[in-house]
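In case you want the letters, here they are:
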2 protein chains.
Amino acid sequence: MTSGEAEDVGGRPTARILTVGDELLSGERSDTNGPWLAARLQKAGFRVGGLESVGDAPGPLEEALRRGGGSADLLVVTGGLGPTEDDRTRPVVARLLGRELQEAPWVLEEIRRRFRARGFPDAPETNRRIARVPEGARTLANPAGTAPGLLLEAGEGRHWILLPGPPRELRAVWEASVLPVLDDLHPNRPEADRVRVFRTTGIPESALAQALEPHLVRHPRVTVAWRASLRGVEVRLSAGGDSAPDLLQAVEEEIRDLLAPWQWEAPSGDLAEAVLHALSSRGWTLSLAESCTGGRLAGRLTDVPGSSRTFLGGVVAYSDDLKEALLDVPPVTIREKGAVSGETACAMA
Amino acid sequence: MTSGEAEDVGGRPTARILTVGDELLSGERSDTNGPWLAARLQKAGFRVGGLESVGDAPGPLEEALRRGGGSADLLVVTGGLGPTEDDRTRPVVARLLGRELQEAPWVLEEIRRRFRARGFPDAPETNRRIARVPEGARTLANPAGTAPGLLLEAGEGRHWILLPGPPRELRAVWEASVLPVLDDLHPNRPEADRVRVFRTTGIPESALAQALEPHLVRHPRVTVAWRASLRGVEVRLSAGGDSAPDLLQAVEEEIRDLLAPWQWEAPSGDLAEAVLHALSSRGWTLSLAESCTGGRLAGRLTDVPGSSRTFLGGVVAYSDDLKEALLDVPPVTIREKGAVSGETACAMA
């Protein structure tokens, strides 16, 4: 049942991702390139072993490249390919792989063309840095910017792909130039894992685990991931290989009745949508009388497209006065049982 | 000028972050815990060397812990502390540090108390896993969930801090229990780096670098980071130590005139706010006649609080007919010069 055992199923090539930039460690922003690439690589049949972010400093960058490049069939690096002094991916990679940096005239010519097309007389000299690529690198066209991607052989059948950091450029290079290269490098990749996600609410993770795990351990080729949040608990089953659909089907049938009391489904993955769907399928409508939630329940429901067919509206009776005036809650109930009590809630309904 | 040289300034303790969970590699979501922790650690005077995400499988988790734990004064790990089979941080850490897992009765008692307070008769047995902690670990109270944080000595003066993965719990443990511990472990940390960010628009990164770099290289203790996006180019200067404010001030004075033609400032970091402020400070107002941008310019401007004082409104003349009818563009101009032309734009104004 462990991910570890499932790792060998299917014989996928492995990939690691390294995203470069001080801003990724300053807390200013979350790395969007890493997860984007991880999803694309998984979909393309790679097993993604890890995702790392490092700053621009050459020391940590070199260490991270050494670690990442030695432990995966494919290392994808983003960032540090621009024209400024803090863009060090090219020289650090060249040093690590024992290559010289050489000016690629076709890269420089393409940069000049881009600048002239935008009305500049020529490209600033600093762009020569972009054109200095490690010898033997294959350039990957960038339809959305100046710095091309680079593909390098890293020994022992391993490859490194360097991509520009701006997300728009990264995605453009990926679509235009990387996907065909992956098919060249690893022509017979198995299909991506099949995944089945079960969403539950109203049961603690530990209680659900106690009920399901005796069944799940019988299927060592199915990887199980649990995720708990305020919204509820998700159970994610995945499996690879030709038998994956049958295997997941068998597990699902085994745990279906155990899940049923807590399970919900919604195309959007939103519990509010599941609630509205459950009501509308019975021909019911919903009105709300909210107190502490202060309108947030109504907000969650109206966020769902088409909610107006089921959700009629609500009253937000935050103060005790409003509970009495709008919802006819007897003052004695609030006084004796408290505003937050089953009795007051029933009287509000 | 390189970050590498600046690394030794101030003698900060170093930190690495490791976030654990299959969902971080599936592309379903960006890691929010990692950047949140990176910012907190930097603010607390640590130098964050790297941020890594791994899946739940024990093999890659163990490798990542080995790498991360051996190269920093402090390793902060989030995730994998829950009650399910895929929560492996505790056993893998224990094995790596050569410790036994031992049931901590006070942890189990606290979990039971939480369950009973929520109306359950007792905590499900699977929670015993949460209470099995590596011997010698100090527990860090979690006011928001069942799994406490854990502090471990990892040899050679190094420490590992394990935190729960749900962001709400992670943040609660951090505020309540981690900050005091950091002061114990590293009592005399220097202040965080001073940072000064300059925002520009309308000049390519390579051209701005050509103008500024001859000045920046004269200040090796100032770290420079460049960031280019569709919005423009940001130059970020940082420095540590007591002289940092004077140093940054000196650099700023040196480059001020070079930046001036392209520089903009806005408290929100939003170019639209800078445009509105520049107009309102002159007592001007703005109306728009948009074509291809289809109302997005107006949207960007109205997103700025208080924009109604300066931005009066606009016309979105997407079709040529509307350009003629609403904006009195002569049909001959569109026909002879094209809808996307300087002449048509002038006639729209």
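Quick notes on the rules
Residues numbered from 1 in each chain as written. Chains lettered and ligands numbered in written order. Predicted model: local features only at pLDDT ≥ 70, side-chain atom pairs only at ≥ 80, totals over all residues. Heavy atoms only, no water. Helix = DSSP H or I, 4+ residues; strand = E, 2+ residues; numbered from the N terminus. Rg over C-alpha atoms; globule rule 2.2 N^0.38 Å. Buried < 20%, exposed > 50% of the residue type's maximum accessible area, 1.4 Å probe, protein only. Contact = heavy atoms within 4.5 Å. Areas by Shrake-Rupley, 256 points an atom, 1.4 Å probe, with all protein chains shown as cover. Lys, Arg positive; Asp, Glu negative; His and termini not counted. Charge placed at Lys NZ, Arg CZ, Asp CG, Glu CD. Least-squares fit on C-alpha atoms with pLDDT ≥ 70 in both. Salt bridge = Lys/Arg side-chain N within 4 Å of Asp/Glu carboxyl O. Pairing = 2+ DSSP bridges. Axes fitted to C-alpha atoms, helices over the stretch in contact; angles between N-to-C directions. Buried area = accessible area lost by both parts, 1.4 Å probe. Polar contact = N/O pair within 3.5 Å; in protein donor to acceptor, adjacent residues only side chain to side chain. Nonpolar A, V, L, I, M, F, W, Y, C, P; charged D, E, K, R; others polar. Parallel < 35°, antiparallel > 145°, perpendicular 65-115°, else oblique. Left-handed = near helix turned anticlockwise from the far one by under 90°.

1. Focus: the overall build of chain A
Next, step 1: On a plain count of helices and strands, chain A comes out with 14 helices and 14 strands.
Next, step 2: Computed over its C-alpha atoms, the radius of gyration of chain A comes to 28 Å, more than 25% above the 20 Å expected for a compact globule of 349 residues.
Next, step 3: Projected onto the principal axes, the alpha-carbon positions of chain A cover approximately 85 × 55 × 35 Å.
Next, step 4: Every one of the 349 residues in chain A was classed for burial, and the buried ones make up 50%.
Next, step 5: For chain A, the proportion of contacts with a sequence separation of at least 24, taken over those separated by at least 6, is 66%.
Next, step 6: Per element, the accessible surface of chain A, about 16200 Å² overall, is 51% carbon and sulfur.
Next, step 7: Positive and negative side-chain charges in chain A, numbering 41 and 50 respectively, have mean positions lying 4 Å apart.

2. Some words on the side chain of arginine 67 of chain A
Next, step 1: Note that arginine 67 of chain A resides in helix H3 (residues 58-69).
Next, step 2: Not counting the four nearest positions on each side in its chain, arginine 67 of chain A is found in contact with Glu52 of chain A together with Arg16 and Arg67 of chain B.

3. Structural notes on the relation of the copies chain B and chain A
Next, step 1: Once chain B is rotated about the relating axis by 180° and shifted along it by 0.0 Å, it coincides with chain A to within an RMSD of 0.2 Å. Such a turn and shift between the copies fits a two-fold axis. If distances are taken from each C-alpha of chain B to the rotation axis, the shortest is found for glutamate 52 of chain B, at 2.0 Å.

4. Considerations on the pattern of salt bridges
Next, step 1: Under the defined criterion, the tally for this structure stands at 46 salt bridges over all chains.
Next, step 2: A salt bridge links glutamate 52 of chain B to arginine 67 of chain B; the nearest nitrogen and oxygen atoms lie 2.4 Å apart. Of the two residues, glutamate 52 of chain B sits in strand S2 (residues 47-54) while arginine 67 of chain B sits in helix H3 (residues 58-69), which places them 15 residues apart along the sequence.
Next, step 3: For glutamate 234 of chain B, the salt bridge identified is with arginine 231 of chain B, shortest N-O distance 3.0 Å.
Next, step 4: Here glutamate 234 of chain B falls in the buried class, since its relative accessible area comes to 10%.
Next, step 5: On the accessibility criterion, arginine 231 of chain B (32% relative accessible area) is partly exposed.
Next, step 6: A cluster of three or more residues bridged by salt bridges with shared partners is formed by Arg16, Glu52 and Arg67 of chain A together with Arg16, Glu52 and Arg67 of chain B.

5. Some words on the sheet that holds S2 of chain B
Next, step 1: Taking strand neighbours across the sheet as the criterion, the 12 strands line up as S6(A)-S7(A)-S8(A)-S3(A)-S1(A)-S2(A)-S2(B)-S1(B)-S3(B)-S8(B)-S7(B)-S6(B) in an open arrangement whose pairing is mixed. What marks the edges here is a single partner per strand, and that holds for strand S6 (138-140) of chain A together with strand S6 (138-140) of chain B. Sheet twist, expressed as the mean angle between neighbouring strand axes with direction ignored, is 20°.
Next, step 2: In this structure, strand S1 (residues 14-20) of chain A lies alongside strand S3 (residues 74-78) of chain A, joined through 5 bridges in parallel fashion. What sits directly across from leucine 18 of chain A, in S3 of chain A, is valine 77 of chain A.

6. Some words on the interface of chain B and chain A
Next, step 1: Between chain B and chain A, the residue contacts involve 63 residues of the former and 63 residues of the latter.
Next, step 2: Together, the buried faces of chain B and chain A total about 5000 Å²; carbon and sulfur atoms form 53% of this surface.
Next, step 3: It is Leu25, Ser206 and Arg227 of chain B that lose the most area in chain B upon contact with chain A, and together they represent 11% of the buried surface on that side.
Next, step 4: Linking chain B with chain A are 4 salt bridges.
Next, step 5: Glutamate 213 of chain A is the salt-bridge partner of arginine 129 of chain B, the closest N and O atoms lying 2.7 Å from each other.
Next, step 6: Taken together, the links from chain B to chain A amount to 20 residue pairs in polar contact (both at pLDDT 80 or more).
Next, step 7: Secondary-structure elements contributing two or more residues to the side of chain B that touches chain A are helix H1 (3-6), helix H2 (33-43), S2, H3, helix H8 (205-216) and strand S10 (223-229) of chain B.
Next, step 8: The element best represented in the side of chain B that touches chain A is S2 of chain B, accounting for 7 residues.
Next, step 9: Each residue belonging to the side of chain B that touches chain A can be placed in one class, and the counts come to 25 nonpolar, 17 polar and 21 charged.

7. Some points on the side chain of threonine 200 of chain A
Residue and element names in this part refer to chain A.
Next, step 1: Take threonine 200: it is sitting in strand S9 (residues 194-200).
Next, step 2: Only 2.9 Å separates the side chain of threonine 200 from the backbone oxygen of valine 233, close enough to count as a polar contact.
Next, step 3: Not counting residues within four places of it along the chain, the set of residues in contact with threonine 200 comprises Leu208, Arg231, Gly232, Val233, Leu259, Trp262, Gln263 and Trp264.

8. Describing the packing of helix H2 (residues 33-43) of chain A against helix H7 (residues 167-185) of chain A
Residues and elements named next belong to chain A.
Next, step 1: Contact pair H2 / H7: the axes reach a minimum separation of 11 Å and the direction vectors enclose 15°. Between H2 and H7, the crossing angle belongs to the class labelled roughly parallel. Handedness of the crossing formed by H2 with H7: right-handed. When H2 is examined against H7, the residues Asn33, Trp36, Leu37, Arg40 and Leu41 are found in contact with a partner set consisting of Pro167, Leu170, Arg171, Trp174 and Glu175.

9. Brief notes about unusual backbone geometry
Residues and elements named next belong to chain A.
Next, step 1: Phi is positive for glutamate 156, which is not a glycine, with a value near 55°.
Next, step 2: Tracing the sequence through the fold places glutamate 156 in the loop between strand S7 (149-153) and strand S8 (159-163).
Next, step 3: When its relative accessible area of 75% is taken as the criterion, glutamate 156 is described as exposed.

10. Some words on the sheet that holds strand S12 (residues 263-264) of chain B
All names here are of chain B.
Next, step 1: As summarised here, the arrangement of the 4 strands in space is S10-S11-S9-S12, forming an open sheet in which the pairing is antiparallel. Pairing within the sheet leaves two strands with one partner each, and these edge strands are S10 and S12.
Next, step 2: Sheet topology places strand S9 (residues 194-200) next to S12; 2 bridges connect them, and they run antiparallel. Looking at S12, one finds that threonine 200 is bridged to glutamine 263.
Next, step 3: Along the sheet, H8 makes contact with S9, S10 and strand S11 (232-239), crossing S10 at roughly 170°.

As far as function goes, none of this settles anything; it's purely spatial.
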